[in-house]
Amino acid sequence: MKPRVLVTKRIYPSAVEYLRQHVDAEYHESDDGYGAEQLLEHLTGKQAVVSQLTDKFSADVIAALPDLKVISNVAVGYDNIDIAAATQRRIVVTNTPDVLTDTTADFAFTLLMATARRLVEADKYLRVGKWTQWRIDLLTGHDIHHATLGILGMGRIGQTLARRARGFEMRAIYSDVQRAAPELERELQLEYLPFDSVLEQSDFISVHVPLLAATRHLLGAEQFARMKKNAILINTSRGPVVDEAALADALAAGEIAGAGLDVFEREPQVEPRLLDMDNVVLAPHIASASVDTRTKMCVMAAENCVTALAGTRPPNLVNTAVFE
Ligand code: DGY
């Protein structure tokens with residue numbers, strides 16, 4: 001008998017086809033995920049789930065699913081899953097790294113450029129017919145070339161952003177809990193600095209840390225107060241890394257110059273004050289959203305799921321302790 005797998009939300013068809021070849025898949029072909037109760041109902045008796053970041057696997061949910069052996073998340077982030085609880089139950093958790101690195105870094109740079117050069121504001125200005133003449137200071141923004149880019153978190157996406165920044169001859173400084181290898185620092189001309197120094201010296205600050213207890217509200221009132229008045233914050237990691245209310249306060253007070261945000265504390269809700277600010281560019285969590293990348297993420301999650309169900313260590317294993 002084939003293992004039973006739930007796909008909680010719509011994914012790209014090639015991944016569904018792959019799953020159907022290998023497992024007995026129940027496919028919830030909808031963009032609306034299940035609520036906690038429905039999730040439990042549909043997962044009862046299933047050995048695996050192909051989940052998305054909107055599906056919450058708390059310790060309670062995990063405890064209520066004795067048959068569950070694999071959680072294959074279609075995302076590089078896995079803060080929607082209680083990893084300790086899954087590991088204790090020896091449930092294999094997998095994610096989809098690497099395939100989204102370039103696309104996500106591209107989007108972080110897109111947000112940086114759009115915010116610095118006021119692209120969204122300019123587009124709106126023109127469309128509503130406000131453009132009547134060329135003016136010396138019309139929609140003047142911030143230079144990107146030769147500016148200082150502060151990268152918080154020098155993982156795969158942080159490194160790729162640093163590569164993009166080299167093309168703009170930016171100075172790249174970074175902080176992380178672990179310093180990068182000297183070869184990488186040399187190759188990307190990276191300067192490793194204490195966290196506060198990165199905040200104080202950067203013209204642009206881009207966040208690339210995972211959401212953990214230690215990184216929740218990593219950036220709040222105190223940190224915004226340290227930043228330059230011309231600083232622009234870019235966040236494509238996880239919303240709760242930034243205290244959104246404190247960010248709105250800092251922007252309103254002119255403590256920093258702008259923000260480009262793809263992620264929010266309570267998605268899909270956004271701090272209402274941010275919606276009214278012209279110096280803020282907002283996107284609905286789409287940093288990895290190219291057709292190619294999202295397709296690859298879905299196929300990778302399907303493959304992770306099938307591999308783990310076969311009892312083999314999957315390539316994108318999150319909780320390595322399960323195979324030790
Ligand atoms: C992830 O993968 O964690 C992103 O937030 C969605 O691509």
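Residues numbered from 1 in each chain as written. Predicted model: local features only at pLDDT ≥ 70, side-chain atom pairs only at ≥ 80, totals over all residues. Heavy atoms only, no water.

## Some remarks on the nonpolar core
(1) Moving on: In this structure, Leu219, Phe224, Met227, Leu233, Leu247, Leu251 and Ile256 are the most contacted members of the largest nonpolar core, which totals 29 residues.
(2) Moving on: Of all the elements in the fold, those that place two or more residues in this core are helix 9 (195-201), strand 9 (204-207), helix 11 (244-252) and strand 11 (258-261).
(3) Moving on: If one sorts the elements of this core by residue count, helix 11 sits on top with five residues.
(4) Moving on: Apart from the residues lying within four places of it in its own chain, the contact partners of Leu247 are Phe224, Leu233, Val242, Ile256, Ala259 and Leu261.
(5) Moving on: By size, the runner-up hydrophobic cluster in this structure holds 27 residues, among which are Leu111, Ile151, Met154 and Ala165. (Core = buried A, V, L, I, M, F, W, Y, C linked by side-chain atoms within 4.5 Å. Buried < 20%, exposed > 50% of the residue type's maximum accessible area, 1.4 Å probe, protein only. Helix = DSSP H or I, 4+ residues; strand = E, 2+ residues; numbered from the N terminus. Contact = heavy atoms within 4.5 Å.)

## Notes on the pairing of strand 1 (residues 4-7)
(1) Moving on: As paired strands, strand 1 and strand 2 (residues 24-27) are joined by four bridges and run parallel to one another. Within strand 2, the residue paired with Val7 across the bridge is Tyr27. (Pairing = 2+ DSSP bridges.)

## Things to note about the site of the ligand
(1) Moving on: Taken together, the residues surrounding the ligand are Leu53, Ala75, Val76, Gly77, Leu100, Arg238, His285, Ser288 and Met297.
(2) Moving on: Between the ligand and Val76, the relevant distance is 2.7 Å, taken from an oxygen atom to a main-chain nitrogen or oxygen of the residue.
(3) Moving on: Between an oxygen atom of the ligand and a main-chain N or O atom of Gly77, the distance comes to 2.9 Å.
(4) Moving on: Classifying every residue of the shell around the ligand gives five nonpolar, three polar and one charged. (Near = heavy atom within 4 Å. Polar contact = N/O pair within 3.5 Å; in protein donor to acceptor, adjacent residues only side chain to side chain. Nonpolar A, V, L, I, M, F, W, Y, C, P; charged D, E, K, R; others polar.)

## Some points on the domain arrangement of the protein chain
(1) Moving on: According to the domain assignment, the protein chain consists of domain 1 (4-99 + 291-323) and domain 2 (101-282).
(2) Moving on: The straight-line distance from the C-alpha centre of domain 1 to that of domain 2 is 31 Å.
(3) Moving on: Carbon and sulfur atoms make up 41% of the surface buried where domain 1 meets domain 2, a total of about 600 Å² over both sides.
(4) Moving on: When the shortest N-O distance is used, the salt bridge between Asp98 and Arg156 registers 3.5 Å.
(5) Moving on: Between domain 1 and domain 2 we count four residue pairs in polar contact (both at pLDDT 80 or more) in total.
(6) Moving on: Among the residues making up the side of domain 1 that touches domain 2, the classes are represented as five nonpolar, two polar and two charged. (Domains from an automatic or database assignment. Buried area = accessible area lost by both parts, 1.4 Å probe. Salt bridge = Lys/Arg side-chain N within 4 Å of Asp/Glu carboxyl O.)

## Describing the sheet that holds strand 8 (residues 190-192)
(1) Moving on: Spatially, 8-7-6-9-10-11-12 is the arrangement adopted by the seven strands of the open sheet, whose pairing is parallel. Each end of this open sheet is capped by a strand with a single partner; those strands are strand 8 and strand 12 (280-282). Looking at each pair of strands side by side, their axes are set apart by 20 degrees on average, direction ignored.
(2) Moving on: Strand direction decides the pairing type here: strand 9 and strand 10 (residues 232-235), joined by four bridges, are parallel. By the bridge assignment, Val207 is partnered in strand 10 with Asn235. (Axes fitted to C-alpha atoms, helices over the stretch in contact; angles between N-to-C directions.)

## As for the environment of Arg163
(1) Moving on: Structurally, Arg163 is set in helix 7 (residues 156-166).
(2) Moving on: Taking C-alpha positions, Arg163 is 30 Å from Ala221, a pair spaced 58 residues apart along the chain.

## Describing helix 1 (residues 13-22)
(1) Moving on: Of all the positions in helix 1, only Ala15, Val16 and Leu19 are classed as buried. The buried residues of helix 1 occupy an angular sector of 100 degrees when projected down its axis, which confines them to one face. Turned more than 90 degrees off the buried face of helix 1, the exposed positions are Pro13, Glu17 and Gln21.
(2) Moving on: The inward-facing, buried residues of helix 1 contact strand 1, strand 2, strand 3 (48-51) and helix 13 (291-309). (Arc of directions from axis to C-beta.)

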